[in-house]
Amino acid sequence: MIQELVDTFEELKKYDYLIDMGDKGFIIIKFKNEHFYHLAGFHKLNLDIYFPQKCISKDKKYKYIKSHTEKFENILKNQIKENQLLKQRITTFKYIPSIFDEKHTILYNLREKNNPMSLYDGDFGLMRVFQIESNANNMEDIYCLLGLKNRGLLETTYNCVPQSWMADRRPNSLVQYKKPLYIKMLAKLPLKITQHSENEDI
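Residues numbered from 1 in each chain as written. Predicted model: local features only at pLDDT ≥ 70, side-chain atom pairs only at ≥ 80, totals over all residues. Heavy atoms only, no water.

On to the environment of F9. Note that F9 resides in helix α1 (residues 2-12). Contacts of F9, omitting those with residues within four sequence positions, involve F31, K32, N33, H35, F36, L39, Y62 and F93. (Helix = DSSP H or I, 4+ residues; strand = E, 2+ residues; numbered from the N terminus. Contact = heavy atoms within 4.5 Å.)

Structure, rendered in structure tokens:
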């Protein structure tokens, strides 16, 4: 389970993700080590005692988990037994790369809240419905939402980071009844290309 999470995240880190919203501008998404802990839902678990004392930052915690996958395997299984939502969040984590397929993905503005009392502070969300096999060997729909937080607007480009990954058998209340945003194009750009472009700008 842990190894699958790490492998998925390492694959996500190989690219920058570009969403062209037409007249509304662009969204660029970057995955970095410090995003893993919250994205996988580990902040909801009691894991601090399993890290070395100096392993405080989310970046260092990810690197430690990555190099000690066997240690965290049983810890994770035991802690998510009674938490169905968190279990779904972790077991569907492997689908995050597939959410960047524009053919099946819907983009929402999360700054306009359906529920004024909601504490969620994300800016955009990418949603996709995945069909997975249930315990009864039937196929069921799982509604998955990748929450994005804008870290800065440069002209018409929103520079976003992945903030949360949510998975449930029911439509997410953050986007339910909302009108989707237009996606002209959704593309993933290998980091070597984007880094080369940034160096040229410098």
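To continue, consider the pattern of salt bridges. A complete count under the given rule lists eleven salt bridges for this structure. A salt bridge links D59 to K63; its shortest N-O distance comes to 3.2 Å. In this pair, D59 and K63 both sit in helix α3 (residues 58-67), four residues apart, roughly one turn of the helix. When its relative accessible area of 22% is taken as the criterion, D59 is described as partly exposed. Notably, a salt bridge pairs R170 with D168, separated by 3.9 Å at the nearest N-O pair. Residue R170 is classed as exposed on the basis of its relative accessible area of 59%. A relative accessible area of 22% places D168 in the partly exposed class. Members of the salt-bridge network, linked through shared partners, are E10, K13 and K66. (Salt bridge = Lys/Arg side-chain N within 4 Å of Asp/Glu carboxyl O. Buried < 20%, exposed > 50% of the residue type's maximum accessible area, 1.4 Å probe, protein only.)

So, on to the sheet that holds strand β7 (residues 185-190). If you trace the seven strands from one edge of the open sheet to the other, you get β3-β4-β5-β6-β2-β1-β7, paired in mixed fashion. Unpaired on one side and paired on the other, β3 (106-109) and β7 mark the two borders of the sheet. The sheet shows a mean angle of 30 degrees between the axes of neighbouring strands, taken without regard to direction. In this sheet, β7 lies alongside strand β1 (residues 15-20) in antiparallel orientation, the contact comprising six bridges. Looking at the pairing, Y17 lines up with K188 of β7. Across the sheet, helix α5 (residues 84-91) lies against β5 (139-154) and β6 (157-168), angled at about 125 degrees from β6, the strand it touches most. (Pairing = 2+ DSSP bridges. Axes fitted to C-alpha atoms, helices over the stretch in contact; angles between N-to-C directions.)

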